[in-house]
Amino acid sequence: KTIKEAYRLTAVGGVFISISYHKPRDMMRWLKHPAFTWRVDHSELPAEPGGHLPEDRKGRYQANHLYVCHKDTYDDPERFRDAWARLLDRVQRQPDTDISDEEDEKKA
């Protein structure tokens, strides 16, 4: 719902910026979902001064990722409403599954 609100509030020609520990393979599934028409740029942010990166529970470094979402076009309100309704329904029915499972669901 946070991404939906960010999308709704971003004006055409505007950008939404997100800084996250989530890797691109996870975030891009959401940011590039058909419910949204963003053009998304990604950058891995450099380490903290002194070269230190925080570690996750398994001792792997966790880089911060910058996602810049450009809203370049006007939306078709009906397309957005339909795509958002399908996404919300799927997340509510299967909250613990990954959005990448959506393709598997379509094939079934």
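Residues numbered from 1 in each chain as written. Predicted model: local features only at pLDDT ≥ 70, side-chain atom pairs only at ≥ 80, totals over all residues. Heavy atoms only, no water.

S.K.: Can you help me understand the overall build of the chain in this one?
M.R.: When helices and strands are tallied, the chain shows 4 helices and 3 strands. Along the chain, helices and strands appear, N-terminal first, in the series α-β-α-β-β-α-α. Looking at the chain as a whole, 29% of its 108 residues qualify as buried. A separation threshold of at least 6 residues defines the contact pool for the chain, and within that pool the share at least 24 residues apart is 71%. Just so you have it, the chain exposes about 7600 Å², and 52% of that area is on carbon and sulfur atoms. (Helix = DSSP H or I, 4+ residues; strand = E, 2+ residues; numbered from the N terminus. Buried < 20%, exposed > 50% of the residue type's maximum accessible area, 1.4 Å probe, protein only. Contact = heavy atoms within 4.5 Å. Areas by Shrake-Rupley, 256 points an atom, 1.4 Å probe, with all protein chains shown as cover.)

S.K.: Please explain the confidence of the model for the chain as it appears in this structure.
M.R.: Low-confidence regions, as indicated by low pLDDT, have predicted coordinates that should not be scrutinised in detail. Per-residue pLDDT for the chain averages 78, and the proportion of residues at 70 or more is 73%. When mean pLDDT is taken per element in the chain, strand β3 (residues 65–70) scores highest with 94 and helix α4 (residues 101–107) scores lowest with 49. (pLDDT = per-residue confidence, 0-100.)

S.K.: Even after reading the chapter, I still don't get helix α3 (residues 77–93), so can you show me in this structure?
M.R.: Helix length check: α3 (17 residues) gives 24 Å between terminal C-alpha atoms against 24 Å at 1.5 Å per residue, within 8%. By the burial criterion, the buried members of α3 are Phe-80, Ala-83, Trp-84, Leu-87 and Arg-90. The buried residues of α3 occupy one face: seen down the axis, they fall within an arc of 130 degrees. Exposed and facing more than 90 degrees away from the buried side of α3 are Pro-77, Arg-81, Arg-86 and Gln-92. (Expected span 1.5 Å × (residues − 1). Arc of directions from axis to C-beta.)

S.K.: Just checking my understanding: could you explain the environment of Val-15 for this structure?
M.R.: Among the structural elements, Val-15 can be located in strand β1 (residues 15–20). For Val-15, a relative accessible area of 42% gives the class partly exposed. Along the chain, Val-15 and Trp-38 lie 23 residues apart, while their C-alpha atoms are 8.8 Å from each other. With near-sequence residues (within four places) excluded, Val-15 lies in contact with Thr-10, Val-68, Cys-69 and His-70.

S.K.: Which parts of the structure should I look at to understand the packing of aromatic side chains?
M.R.: The geometry of an aromatic ring pair comes down to the distance between the two centres and the angle between the two planes. Taken as a whole and assessed by the stated rule, the structure comprises 4 aromatic pairs. Considering the side-chain rings of Phe-36 and Trp-38, the 5.5 Å spacing of their centres and the 25 degrees angle between planes classify their relative orientation as stacked. We classify Trp-38 as buried; its relative accessible area is 6%. Here the aromatic cluster, defined as three or more aromatic residues joined through ring pairs, consists of Tyr-7, Phe-16, Phe-36 and Trp-38. Between the NZ or CZ atom of Lys-71 and the centre of the ring of Tyr-7, over which it lies, the distance is 4.2 Å. (Phe/Tyr/Trp six-rings, centres within 6.5 Å; stacked < 30°, edge-to-face > 60°. Lys NZ or Arg CZ within 6 Å of the ring centre and 35° of its normal.)

S.K.: Please clarify how the side chain of Thr-10 should be interpreted in this entry.
M.R.: Topologically, Thr-10 is positioned in the loop between α1 (2–9) and β1. Taking relative accessible area as the criterion, Thr-10 reaches 8% and is therefore assigned buried. A polar side-chain atom of Thr-10 sits 2.6 Å from the main-chain carbonyl oxygen of Ala-6. Beyond its immediate sequence surroundings of up to four residues, Thr-10 is in contact with Val-15, Phe-16, Trp-38 and Lys-71. (Polar contact = N/O pair within 3.5 Å; in protein donor to acceptor, adjacent residues only side chain to side chain.)

S.K.: Looking at this structure, how should I read helix α2 (residues 24–31)?
M.R.: Residues spaced three or four apart along an α-helix face the same direction, because each turn holds 3.6 residues. Among all positions of α2, only Met-27, Met-28 and Leu-31 are buried. Each buried residue of α2 lies within a common arc of 100 degrees when the element is viewed along its axis, so the set occupies one face.

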